[in-house]
Amino acid sequence: RVAVLGAGMAGLLAGIKLQEMGIRDVTIYEKADRVGGTWRENTYPGLTCDVPSHHYTYSFERNPDWTRHLPPGPEIQAYFERVCVKYGLEAQLRFGEKATHAEFLDGRWQLRFESGHADSADVLIAATGVLHRPRLPNISGMDAFKGDLFHSARWDHTVPLEGRRIGVIGSGSTGVQIISALAGLAGLIEHYQRTAQWIMPTENGYYSEAEREAFRDPAVLAAAMDFEGYNAGVDAYTQAIIDENSDGARYMADACLQNLEQGVADPELRERLRPDHRPLCKRLIFSPDYYQAIQHPQARLVTEGIDRIEAAGIRTVDGELHALDLIVLATGFHADTFMRPMTMTGRNGVDLETLWADHPKAYLAITMPDFPNLFMLNGPNGPVGNFSLIDIAEHQWGYISQLLERLRAGDAMEICCSKDALETFENERSEAAKKTVWYTGGCHSWYLDARGIPASWPWTYSRFVERMATPNWADLELVC
Ligand code: N01
């Protein structure tokens, strides 16, 4: 019996792949009332995935119907809902169930839920996502504001936008997409930028009906999208993170610089938009229209620090009061929670909080010592960046499925990595992480853990694919 936590992209993937393996006794638990994960939670105007549409799909379930080169959030949500129905996952889904405790007792995972429901399973798949707990800024006076105020992932669609004075705090991918969507619609849109970001130019055209029809033929779609070529691009991207002198790093740095130089007419505004860190240090922003949006007559870039929020708006440190009707906190997420706040206790009473006391860690992002038969998708230290996490989760599933086969074959009752394997992996990973642009590029970002060391996979994509293809059994403990 397998329990899956989370019905986002990764949880649905697990459900489908378990079916493929013939494992039918499966429940996918979801705290919300719908599938979709991040694409359910985020509904802000302009919500788009900056990974090209046809590369942001399951490899086994292409979607000829994407309307745009970059997929709009609502289409992604609809895609996951369709996939869920097509693969008959509804029967396995239990909504409104928030897991609070998981404990490995007598060879099984015992689960408890906020509702009072309890369950147990031989195998637990944690597919709980990475960026799901909004990070609220520490700005005084937020309660005093008389207008509307919410985090970008908690968008209140009853609040009118047209003609209103809107302040957006934060210039990550989210803030940039919101500004692009609202410039011209809002009466005034103010973008509060604490740190300027590099913006990679991109285009976001529409697929014609004829193209969408042609893409129904998998061969045409594959030829048009060149999936292998794209993966080579992902590899070059990961190489650029490691080596600032690589062709990819130079290309992206040049493209961002040209975009800034040519995209912003006013030299004073251009300087305020010029980042003080190296491109790729923070997650690169891909935008076809941000520079255009911020130069709209009704848009204003605010680079003065925020002193506080008052009843009427935002007071910046220069003393100016910016009168606003709506404040959007595009201030990011706590990227280090993963399954938490649920408590998890493994073998011999080992608990997750202790294992993760200084920072979340997992061998190959998948398994932890003394947490047998618990496998994570998009867990800590896995690859993150400007590429598809669907593809990453599929490779991780390839690895996990090999462990499940060993369990099913009766080779072991319990599988997890050894303590030594995690320690060696984590030491090597941390050292490699210090050589990446995330560490050396002169910026702060959500990629860094509490120690200030990048938390992600610090090697190439091809190395990741290779490590996922074949488990190193010497690193895994199989208990019979
Ligand atoms: O969050 P962020 P995000 N006062 O953490 C600022 C994914 N994503 O929601 O840089 C003022 O990147 C903070 O400033 P600074 C993607 O992985 C993907 O935008 O710390 N400002 C920063 O500008 C992305 O990386 C897509 O100085 C404050 C911003 O808030 C991740 O989600 C689309 C502040 C936070 O940026 C997170 O993106 C959208 C304060 N007190 C998101 N506190 C795709 O298209 C924070 N900030 C795939």
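Note that the coordinates shown come from a computational prediction; the quantities given were computed from them, not determined experimentally.

Thresholds, definitions, all that
The numbering scheme is per chain: residues are counted from 1 as the chain's sequence reads. Totals for whole chains, interfaces and linings use all residues, but because this is a predicted model, local features are given only for residues with pLDDT of at least 70 and pairs of side-chain atoms are given and counted only at 80 or more. Water and hydrogen atoms were dropped before computing side-chain values, which therefore reflect all heavy atoms in the structure. Residues are counted as near a molecule or strand when any one of their heavy atoms sits within 4 Å of it. Polar contact is the term for a pair of N or O atoms within 3.5 Å; when the atoms are in protein, one must be able to donate a hydrogen and the other to accept it, and sequence-neighboring residues count only if both atoms are side-chain atoms. Only the protein chains shown count as covering a residue, and every accessible area follows the Shrake-Rupley method with a 1.4 Å probe. Three classes are used, and their members are as follows: Ala, Val, Leu, Ile, Met, Phe, Trp, Tyr, Cys and Pro are nonpolar, Asp, Glu, Lys and Arg are charged, and the others, Gly among them, are polar. We count a stretch as a helix when DSSP gives it H or I for four or more residues in a row; a strand needs E for two or more, and each element gets its number in order from the N terminus. Only protein chains enter the accessibility calculation, which uses a 1.4 Å probe. A residue is then buried if its area is under 20% of the maximum for its type, exposed if over 50%, and partly exposed in between. The contact definition used throughout considers only heavy atoms, calling two residues in contact when any of these lie within 4.5 Å. The rule for a disulfide is simple: a pair of cysteine sulfur atoms within 2.5 Å. One speaks of a salt bridge when a side-chain nitrogen belonging to Lys or Arg is within 4 Å of a carboxyl oxygen belonging to Asp or Glu. Strands are labelled as partners when DSSP assigns at least two bridges between them. Angles shown run from 0 to 180 degrees and are taken between the N-to-C directions of axes, each axis being a line fitted to C-alpha atoms and, for helices, limited to the stretch in contact.

Peer 1: Could you give me a rundown of the site of the ligand, with the residues and numbers involved?
Peer 2: Neighbouring the ligand are 22 residues; Ser 171, Thr 174, Thr 195, Lys 282 and Trp 446 lie closest to it. Here Trp 446 contributes a side-chain N or O atom positioned 2.8 Å from an oxygen atom of the ligand. Protein contact buries 84% of the 920 Å² of open area that the ligand shows by itself. Tallied by class, the residues present in the shell around the ligand amount to eight nonpolar, ten polar and four charged.

Peer 1: Give me unusual backbone geometry: which residues, what numbers.
Peer 2: Cis geometry is found at the peptide bond from Arg 340 to Pro 341, where omega equals 20°. Its identity as a non-glycine residue notwithstanding, Leu 280 has a phi of 85°, on the positive side. Positionally, Leu 280 belongs in the loop between α9 (267-272) and β13 (285-287). The buried category is assigned to Leu 280, whose relative accessible area is 3%. For Asn 378, which is not glycine, the phi torsion reads 50° and is therefore positive. Relative to the helices and strands, Asn 378 is located in the loop between β21 (374-376) and α12 (389-408).

Peer 1: Describe the side chain of Asn 386, with residues and values.
Peer 2: By secondary structure assignment, the location of Asn 386 is in the loop between β21 and α12. For Asn 386, a relative accessible area of 10% puts it in the buried group. A polar contact of 3.0 Å, which involves the side chain of Asn 386, links it to the side chain of Tyr 237. A polar side-chain atom of Asn 386 sits 2.8 Å from the main-chain carbonyl oxygen of Leu 284. Filtering out sequence-adjacent residues up to four positions away, Asn 386 remains in contact with Asp 50, Val 51, Tyr 237, Arg 283, Leu 284 and Phe 286.

Peer 1: So, the state of the cysteines: which residues are in play, and what are the values?
Peer 2: With the rule as written, the count across this model stands at one disulfide. The residue that forms a disulfide with Cys 281 is Cys 443, at a sulfur-sulfur distance of 2.1 Å. The sign of the S-S torsion, about -95°, decides the handedness of the disulfide formed by Cys 281 and Cys 443: left-handed. Residue Cys 281 is found in the loop between α9 and β13, and its partner Cys 443 is found in the loop between α14 (437-440) and α15 (461-469); the two are separated by 162 residues along the sequence. Cys 281 gets classed as buried once you look at its relative accessible area, which sits at 0%. Judged by relative accessible area, which is 15%, Cys 443 ranks as buried. No disulfide involves Cys 49; its sulfur sits 18 Å from that of Cys 256, the nearest cysteine. Cysteine Cys 417 remains unbridged, with the sulfur of Cys 416 as its closest cysteine sulfur at 6.0 Å. Residue classification places Cys 417 among the buried positions, given a relative accessible area of 0%.

Peer 1: Can you explain the pattern of salt bridges? Please cite residues and give values.
Peer 2: Scanning the entire structure with this criterion turns up 37 salt bridges. Here Arg 278 ties to Glu 244 by a salt bridge, and the two come within 3.5 Å at their closest N and O atoms. Residue Arg 278 is found in the loop between α9 and β13, and its partner Glu 244 is found in the loop between α7 (227-242) and α8 (247-263); the two are separated by 34 residues along the sequence. Owing to a relative accessible area of 26%, Arg 278 belongs among the partly exposed residues under this scheme. A salt bridge links Arg 274 to Glu 271, with the nearest nitrogen and oxygen atoms 2.9 Å apart. Take Arg 274: its relative accessible area is 26%, and that puts it in the partly exposed class. Note on Glu 271: relative accessible area 43%, which makes it partly exposed. When salt bridges with common partners are traced through the structure, they connect Arg 347, Asp 370, Glu 414, Lys 419 and Glu 477 into a single cluster.

Peer 1: Quick rundown of the environment of Arg 94? Include the residues and the values.
Peer 2: For Arg 94, the location among the structural elements is in strand β3 (residues 93-94). Residue classification places Arg 94 among the partly exposed positions, given a relative accessible area of 36%. Between the C-alpha atoms of Arg 94 and Glu 30, which are 64 residues apart in sequence, the distance is 6.1 Å. Setting aside anything within four residues of it in sequence, one finds Arg 94 in contact with Thr 27, Ile 28, Tyr 29, Glu 30 and His 117.

Peer 1: Now, about the sheet that holds strand β9 (residues 148-151): what can you tell me, with residues and values included?
Peer 2: In spatial order, the strands read β9-β18-β10-β11-β14; together these five strands make up an open sheet with parallel pairing. At either margin of the open sheet sits one strand with a lone partner, and together these are β9 and β14 (299-302). When strand polarity is set aside, the average angle formed by the axes of neighbouring strands in this sheet is 15°. Two elements, β9 and strand β18 (residues 326-329), share four bridges in a ladder whose sense is parallel. Within β18, the residue paired with Asp 148 across the bridge is Leu 326.

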